[in-house]
Amino acid sequence: MDEREALRLLGGSVPAAGDDCAVVGDRVLTTDMLHESTDFPAGVTRYTAGWRSVAASLSDVAAMGADAEAAVAVYAAPTFEESELTAFVRGATDVCAAVDAEYVGGDLDEAAEFTAATTALGEAESPVRRSGAEPGDAVCVTGSFGRSAAALRRFAAGDVDRGNDLFRFTPRVAAGVALRQYASAMMDSSDGLARSLHQLAEASDCGFAVEEAAVPVDPAVDEALEATGAGTDDGNDGGNDGGAGDATARREAALFFGEDFELVFTVPADDVDAAVAASPTQVTRLGTVTEAERGVRMDGDPLPDRGYGHGS
């Protein structure tokens, strides 16, 4: 059973689940867990780990169009090293400050591998759900995609400074707040753009028609491919042909890799210009919500429902 199957199983017991955050009154609440073996490649500093761990939860708050208020974290490791622990807290504190929230504490625990569990709290009288998209709405995203894939390439190549820089993303809280008066449905792209489009379309019981050329690819992707050599997944082209390998790696990074934490949302077509103007982060229209066919089509062809997932 993978993560998605597990979530479907638990949905019967927790009927309110399914959005990026739980809604409790006028508050939104979310929690995440990250492990060294699955979430922090070799070279990630404890400062970056503190930043990224808390940022992942703050991104869920952003996806609900909520104002971020506070975050806490559990820090678990085989041993407590002063420099590592204080660096983690600095990273957690700094990312909270970046979105006008406050890091207010947490817990310490012993674990076989470094693990961080984070919880974030936000406020929104009318949070944006995943289920409100309507036929004719525009399908949009904030920012660009492939940053985390580029980071992993940098880490693998030994360029840990650039890898850490790319791994410290700023949660789109300000954009989420600005977009909440326009967005009909919204979520973050932690599982990858393709999978997020499928999840949003499924939650809204509609279809999406999008264009691949419209997908904004982060410049860090091309920089990483140039610096490290692209290659295809099987490595048959040697990684240096600059042709098919580059194109394949670029597409994988932007569409399927995940962990970029951008906002994926729909907005009534008449409100697109206003939403673009209101957002402090770049907004790009990818396509349109459709009624005739469920699922997601890119350039007329079915887009694979593929992305990051635990247990897969």
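Reading the values: rules and limits
- Residues numbered from 1 in each chain as written.
- Predicted model: local features only at pLDDT ≥ 70, side-chain atom pairs only at ≥ 80, totals over all residues.
- Heavy atoms only, no water.
- Buried < 20%, exposed > 50% of the residue type's maximum accessible area, 1.4 Å probe, protein only.
- Helix = DSSP H or I, 4+ residues; strand = E, 2+ residues; numbered from the N terminus.
- Arc of directions from axis to C-beta.
- Contact = heavy atoms within 4.5 Å.
- Pairing = 2+ DSSP bridges.
- Axes fitted to C-alpha atoms, helices over the stretch in contact; angles between N-to-C directions.
- Parallel < 35°, antiparallel > 145°, perpendicular 65-115°, else oblique.
- Left-handed = near helix turned anticlockwise from the far one by under 90°.
- Nonpolar A, V, L, I, M, F, W, Y, C, P; charged D, E, K, R; others polar.

K.L.:
Tell me about helix α6 (residues 160-167), residues and numbers included.
P.N.:
Of all the positions in α6, only G163, N164, L166 and F167 are classed as buried. Within α6, the buried residues cover an arc of 165° as seen down the axis, which keeps them to one side. On the buried face of α6, the contacting elements are α2 (36-39), α3 (46-63), α5 (147-156) and α9 (219-228).

K.L.:
An account of the sheet that holds strand β2 (residues 27-35) is needed here, citing residue identities and associated values.
P.N.:
In space, the five strands of this open sheet follow the order β1-β2-β5-β3-β4, with mixed pairing throughout. The outermost strands of the open sheet, each flanked by one partner alone, are β1 (22-24) and β4 (102-110). On average, adjacent strands in this sheet sit at an angle of 20° to one another, irrespective of strand direction. Bridging between strand β3 (residues 67-77) and strand β5 (residues 115-123) involves nine bridges; their strand directions are antiparallel. Residue pairing in the sheet places A68 in a bridge with G122 of β5. The strands that α3 touches are β2, β3, β4 and β5; relative to β5, the one it contacts most, it runs at about 40°. Lying on the sheet, helix α4 (residues 82-98) is in contact with β3, β4 and β5; it crosses β4 at an angle near 150°.

K.L.:
Provide a residue-level description of the packing of α5 against α6, including the pertinent values.
P.N.:
Orientation of α5 relative to α6, taken along the N-to-C sense of each, is 160°, at an axis distance of 8 Å. Relative to α6, the element α5 is oriented roughly antiparallel. Considering only the axes of α5 and α6, their crossing is left-handed. Together, R147, S148, A150, A151, L152, R154 and F155 of α5 and V160, R162, G163, N164, D165, L166 and F167 of α6 make up the contact between the two elements. Looking at the contact of α5 with α6 residue by residue, the classes come out as seven nonpolar, three polar and four charged.

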